[in-house]
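Per-entry structural report
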Amino acid sequence: MQTLIPLIPFLPLIGFAVNGLFGPRMSKGVSGWIGSGSVLLSFVLSILAFMEVSATHSPIRSEVYHFMSVGNLHISFGFLVDALSSWMMLIVTGIGFLIHVYSIGYMHDDAGFSRFFAYLNLFIFSMLLLIMGDNFVMLFFGWEGVGLCSYLLIGFWFTNRDYNLAANKAFIMNRIGDLGLLLGMFLIFKTFGSLQYEEVFARLAESQVETGVITSICLLLFVGAIGKSAQIPLFTWLPDAMAGPTPVSALIHAATMVTAGIYLVARCNGLFSLSHEALQVVAVVGMATSVLAALIGLQQNDIKKVLAYSTVSQLGLMFVSLGMGAYASAMFHVTTHAFFKALLFLGAGSVIHAMGGEQDIRNMGGLRKHLPITFWVFLIGTFAISGVPLLSGFFSKDEILAHTFDHGGVIWWALASFSSLLTATYMGRLFFLTFFGSFRGTHEQAHHLHESPPSMTIPLVALAVLSVVGGLINLPHIFHTGSTQWLAHWLSGTGINHQPVVPLTEVHLSASSEWMLMGFASVVALVVLAFTYASYSKPSNVPVPDEQLKGAARVLAYKFYVDELYNALFVRPTEALSKTLHYYVDVWAIDGVVDGVGRGFQTLGATFRRLQNGNIEYYLIGMVAGGIGLLLTYFL
Amino acid sequence: MTLTIFLVLGVISLLTALLMVLARNPVHSVLYLILTFFVIAALYILLNAQFLAVVHLIVYAGAIMVLFLFVLMLLNLNKDTEPQKSVAWLWSAGATAGMLLVVLTGALRSGIQLAEGNPPNAQVGLVENLGMVLFTDYVVPFEIAGILFLAAMVGAVLVGKRDLKS
Amino acid sequence: MLEIVRSVPIDYFVYLCTALFAIGVLGVLTRRNAIVVLMCVELMLNAVNLLLAAFSTYLSDAQGQIMVFFIMVVAAAEAAVGLGILVMIYRNTKSTDISLLDNLKW
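In short, a report on the structure. (Residues numbered from 1 in each chain as written. Chains lettered and ligands numbered in written order. Predicted model: local features only at pLDDT ≥ 70, side-chain atom pairs only at ≥ 80, totals over all residues. Heavy atoms only, no water.)

Concerning the overall build of chain A
Scanning chain A for helices and strands turns up 25 helices and two strands. Principal axes of the C-alpha set define a box for chain A whose edges measure 120 × 70 × 55 Å. Looking at the 636 residues of chain A, the share that counts as buried comes to 55%. Pairs at least 24 apart in sequence give 78% of the contacts found in chain A among residues at least 6 apart. (Helix = DSSP H or I, 4+ residues; strand = E, 2+ residues; numbered from the N terminus. Buried < 20%, exposed > 50% of the residue type's maximum accessible area, 1.4 Å probe, protein only. Contact = heavy atoms within 4.5 Å.)

Focus on the overall build of chain C
Broken down by element type, chain C carries four helices and zero strands. Counted from the first residue to the last, chain C has its helices and strands arranged as α-α-α-α. Here the C-alpha radius of gyration of chain C, 18 Å, is well above what a compact globule of 106 residues would show, namely 13 Å. Across its three principal directions, the C-alpha atoms of chain C cover 55 × 25 × 25 Å. Residues counted as buried form 61% of the 106 residues belonging to chain C. Element-wise, carbon and sulfur atoms account for 71% of the exposed surface of chain C, whose accessible area totals about 3800 Å². Each charge class in chain C was averaged separately, 6 positive and 7 negative side chains, and the resulting centres sit 16 Å apart. (Rg over C-alpha atoms; globule rule 2.2 N^0.38 Å. Areas by Shrake-Rupley, 256 points an atom, 1.4 Å probe, with all protein chains shown as cover. Lys, Arg positive; Asp, Glu negative; His and termini not counted. Charge placed at Lys NZ, Arg CZ, Asp CG, Glu CD.)

Notes on the interface of chain B and chain C
The interface is formed by 82 residues belonging to chain B together with 76 residues belonging to chain C. Inspection of the chain B/chain C interface yields zero salt bridges. On inspection of chain B and its partner chain C, the count reaches seven residue pairs in polar contact (both at pLDDT 80 or more). Those elements that place two or more of their residues in the side of chain B that touches chain C are helix 1 (2-22), helix 2 (26-46), helix 3 (50-75), helix 4 (87-109), helix 5 (127-136) and helix 6 (139-160) of chain B. Residues that form the side of chain B that touches chain C fall into these classes: 59 nonpolar, 16 polar and seven charged. (Salt bridge = Lys/Arg side-chain N within 4 Å of Asp/Glu carboxyl O. Polar contact = N/O pair within 3.5 Å; in protein donor to acceptor, adjacent residues only side chain to side chain. Nonpolar A, V, L, I, M, F, W, Y, C, P; charged D, E, K, R; others polar.)

Examining the pattern of salt bridges
When the charged atoms of two side chains lie near each other, side chains of opposite charge can form a pair. Counted according to the given criterion, the structure contains ten salt bridges over all chains. Between Glu 199 of chain A and Arg 203 of chain A there is a salt bridge, and its shortest N-O distance comes to 3.3 Å. Here Glu 199 of chain A and its partner Arg 203 of chain A are both found in helix 7 (residues 197-206), four residues apart, which amounts to about one turn of the helix. On the accessibility criterion, Glu 199 of chain A (33% relative accessible area) is partly exposed. For Arg 203 of chain A, a relative accessible area of 31% puts it in the partly exposed group. For Arg 32 of chain C, the salt bridge goes to Asp 97 of chain C, with nearest N and O atoms at 3.7 Å. Of this pair, Arg 32 of chain C sits in the loop between helix 2 (10-30) and helix 3 (34-58) while Asp 97 of chain C is found in the segment after helix 4 (63-93), placing the two residues 65 residues apart along the sequence. Across the pair, exposure class does not vary: Arg 32 of chain C and Asp 97 of chain C are buried alike.

Details of the packing of helix 5 (residues 136-154) of chain A against helix 6 (residues 161-192) of chain A
Residues and elements named next belong to chain A. Between helix 5 and helix 6, whose axes approach to 8 Å, the crossing angle comes to 170°. What the angle tells us is that helix 5 and helix 6 run roughly antiparallel. Every residue of helix 6 that contacts helix 5 at Phe 136, Val 137, Leu 139, Phe 140, Trp 143, Glu 144, Gly 147, Leu 148, Tyr 151 and Ile 154 is listed here: Tyr 163, Ala 166, Ala 167, Asn 168, Ala 170, Phe 171, Arg 175, Asp 178, Leu 181, Leu 182, Met 185 and Ile 188. Tallied by class, residues from the contact of helix 5 with helix 6 come to 17 nonpolar, two polar and three charged. (Axes fitted to C-alpha atoms, helices over the stretch in contact; angles between N-to-C directions. Parallel < 35°, antiparallel > 145°, perpendicular 65-115°, else oblique.)

Things to note about the environment of Ala 152 of chain B
Locating Ala 152 of chain B in the fold gives a position in helix 6. A residue is classified by how much of its surface remains accessible, and Ala 152 of chain B, at 10% relative accessible area, is buried. Along the backbone, Ala 152 of chain B and Gly 62 of chain B are 90 residues apart, and their C-alpha atoms lie at a distance of 18 Å. Look past the residues within four positions of Ala 152 of chain B in its chain and what remains in contact with it is Ala 77 and Val 81 of chain C.

So, helix 3 of chain C
With 25 residues, helix 3 of chain C extends 37 Å between its outermost C-alpha atoms, agreeing within 8% with the 36 Å of an ideal straight helix rising 1.5 Å per residue. Positive backbone phi, at 50°, marks Ser 60 of chain C, one or two positions downstream of helix 3 of chain C. (Expected span 1.5 Å × (residues − 1).)

Overview of the interface of chain A and chain C
Taken together, the ten residues of chain A in the interface contact eleven residues of chain C. Carbon and sulfur atoms supply 68% of the area that chain A and chain C bury against each other, a total of about 960 Å² over both sides. When the area that chain A buries against chain C is broken down by residue, the three leading residues are Arg 609, Ile 616 and Glu 617 of chain A, summing to 42%. At the junction of chain A with chain C, the criterion picks out one salt bridge. For Arg 32 of chain C, the salt bridge is made with Glu 617 of chain A, and the minimal N-O distance between the two is 3.3 Å. Counting across the chain A and chain C interface gives one residue pair in polar contact (both at pLDDT 80 or more). (Buried area = accessible area lost by both parts, 1.4 Å probe.)

Side note on the packing of aromatic side chains
Both the distance between ring centres and the angle between the ring planes are used here to describe each pair of aromatic rings. All names here are of chain A. What the rule picks out here adds up to 40 aromatic pairs over all chains. A centroid spacing of 5.6 Å and a plane angle of 55° characterise the contact between Tyr 151 and Phe 171, whose relative ring orientation is tilted. Placement of the pair is Tyr 151 in helix 5 and Phe 171 in helix 6, with a sequence separation of 20 residues. Where Phe 375 meets Trp 376, the ring centres are 5.3 Å apart and the plane angle is 65°; that geometry is what we call edge-to-face. Given the relative accessible area of 53%, Trp 376 is considered exposed. Ring pairing ties together the aromatic residues Phe 375, Trp 376, Phe 378, Phe 431, Phe 432, Phe 435, Phe 436 and Tyr 533, which thus form one cluster. Lying over the aromatic face of Phe 156, Arg 115 brings its terminal NZ or CZ to 4.3 Å of the ring centre. (Phe/Tyr/Trp six-rings, centres within 6.5 Å; stacked < 30°, edge-to-face > 60°. Lys NZ or Arg CZ within 6 Å of the ring centre and 35° of its normal.)

Quick look at the pairing of strand 1 (residues 60-70) of chain A
Residue and element names in this part refer to chain A. Direction of pairing for strand 1 relative to strand 2 (residues 73-81): antiparallel, over a ladder of nine bridges. Note on strand 2: the bridge partner recorded for Arg 61 is Leu 80. Joining the antiparallel neighbours strand 1 and strand 2 is a turn of two residues, in which Gly 71 adopts a positive phi near 60°. (Pairing = 2+ DSSP bridges.)

Describing helix 3 (residues 83-106) of chain A
Taking 1.5 Å of rise per residue, 24 residues should cover 34 Å, and helix 3 of chain A covers 34 Å from first to last C-alpha, within 8% of that figure. Buried residues dominate helix 3 of chain A, accounting for 24 of its 24 residues.

Re the environment of Ala 488 of chain A
All names here are of chain A. Along the chain, Ala 488 turns up in helix 21 (residues 486-491). Take Ala 488: its relative accessible area is 2%, and that puts it in the buried class. Separated by 161 residues in the primary sequence, Ala 488 and Tyr 327 have C-alpha atoms spaced 8.8 Å apart. When residues no more than four places from it in sequence are discounted, the contact partners of Ala 488 are Ala 328, Asn 474 and Leu 504.

A few points about the side chain of Arg 32 of chain C
With relative accessibility at 17%, the residue Arg 32 of chain C sits in the buried group. A polar contact of 3.3 Å, which involves the side chain of Arg 32 of chain C, links it to the side chain of Glu 617 of chain A.

Describing the nonpolar core
By size, the foremost hydrophobic cluster in this structure holds 179 residues, and its most contacted members are Ile 131 and Leu 271 of chain A. If one sorts the elements of this core by residue count, helix 15 (residues 327-354) of chain A sits on top with 18 residues. Residues within four places of Leu 271 of chain A in sequence aside, it is in contact with Ile 188, Phe 192, Phe 201, Leu 204, Ile 214, Ile 217, Cys 218 and Leu 221 of chain A. Of all hydrophobic cores here, the second largest spans 75 residues; its members include Ala 97 and Leu 100 of chain B together with Val 36 and Val 37 of chain C. (Core = buried A, V, L, I, M, F, W, Y, C linked by side-chain atoms within 4.5 Å.)

Focus: unusual backbone geometry
Cis rather than trans, the peptide bond between Ile 232 of chain A and Pro 233 of chain A has omega equal to 0°. Within the secondary structure layout, Pro 233 of chain A lies in the loop between helix 8 (211-228) and helix 9 (237-240).

Now the structure itself:
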């Protein structure tokens, strides 16, 4: 098995090469299946790796290539498949495969079909490198790779300038976070003398490093996570990233790439646990983001934008969980979120496909008659994310709420519950406006409405099933069945140096408190859903255009004007600085000097040229003057 | 006595030369130049360079100036046809010439030490002595001067030839 | 005899000849008529001849006067050819103004 480990990321890389080089010459079917097939093979190999890790209770290590050694720094291209990374591998390749299959149907009419699959495969490759690497450099390599693929895929339809700008925005904001990550890596190397996970965490246990350094490292790493996982203040790229095709939004901006930040913190839980301040910061940022994004989502009218803000909000919730020290719960929520968010996005893609490209929910309505399969899967996804009891989202969210109540206190729990309430609200609004009521679109769109082809509906159904039963992997203890907290136990399995990869964090609440919390959350979710059903399924209650909104609703619809704030604070000063530098330094100074030298010589030449004017008397005087000069030099 | 003669001749020569330069009419210029040549011949005699004085008169005043007059008459330039130059130009030309005078004087003065290398002989300018030197030490240049004359003659005839076709 | 011939200090001859030379230069620079310019050149050559003869007398060396001889040869030849060219130019431009000969320029 150890020798097969490198194949897991390299199969998608080969898929990328084949599709990239020969794509246009292949038929769409072949191209699509090469892309999907490579990910399927990786999934199978990931299952095998998972089974081996579970059988041997120890991680699989595999070093492929020694990259370089400079002084004390040894960087190698190596893989570490332990409990955490094997679980992430399953998610990435599994959901990745489903989305690849979906894309075969969704992108069928697109001219850049093979290019799309090439980029998707490259993304899978980078993401696998990120989670499978055994040192921070591999993590960074994958980190940058997924950032690049995100850029390429957001700007996939590159002929549209707005999409290109959105891609730029995503990439640049990511880069800001990457700076933090890099600085954190530098600090880690300086403190621990190595960038390998095993060595760093081993030395962490042994040596006494001052908490200030640890806190700095954690905060810097968290800055990287903020950029990648779209938290405050670097979250505005994610809604704009919806400019890319819907499978991209599902894969990258819901299920996998944005969870890289969570993965980073979970992997470095040893560091974070030692710094109480860093965990506080994580929790605060996560909570603020969660509430803010949920509020904005209440007034958005583009299907994908609502889902984007929902993603930001759910990621915030995951960071809250990490901040409470409940790393395993965060990973549980990552898993269930991957299921239902991918489902929701792919369902939205199905709706958009049926509506011929329309994305505004104000122009939809009553779609449940025309798109039955999409309707049911979307229903499951909405209920899952809202926390309807016994679906997957219910269990993962509930665990997080329990941890916030236990570790953080009532206020944290109240805020988290408020965020969940808002989640149910905007999801219900979205769902009922889209699928209930009467159809509000044009006649053409009405004629065009049809259910999606099987290549799209089969992955939807698969994800729907996972969203329903996914909760079973980590049931809370109070259910007293055999497999409670399975995921948490799995993740705490033997990792490096016989330490748990992700420590088990118990909730110290009485059973009755837990039941009460669960009950409260369920009631809230059901009540909100009923309320939104009543409000939004009526034909009369359609949201108005943004310009007509007043007051708080207007602020929410315009996303708290954060983009405008960033534009004024950062973008315009930088552009002004750039223009000034361009004008003064580049044009005025440098070009001036260079051109000036040229012009100087021209002028010099023009001046001296006038000596040759053909005038004989002029020449005669010149001769005499020269003679005088010679005499002067000789005799005086 | 000699000094007085020299001074008078000198002044006359300078004057005629100046008049030659400043005369409007080219024919007047030629005549003044001829006068200057006569004065210079007198100066030659003062230096006991008798052969040179006679040759000077024959060649310059007798041949070259006559040639100049011929050309003047041929081109019918006895009227005042020369356009005037600008004052600035005249001033700068005058300044240049004046500077040349000063510098040249300075240059020549700084090197005047008469080193007596030869036995003092006042008869150097006489024909026998000149002939002796000319036909022993300088016979080759003498012959070459003859060839030079030949070339000049041929050249002058060729240059002045009227184009047969036009 | 020698004292009589050499009674004028050589300096005076230097001054006289350089003055004549300068007057010749002035004429060359000032006049526009090509014939007058050629005549001023003759004047310059004569000034030099005079000085050479003076030095020859004062140094009792015949070589000075031989040089004068040759200078006269060359001056005569040059005057002849120069005037021939002048006539040719007159035939082409109908004028002896040297400022009309300005084609050798950039």
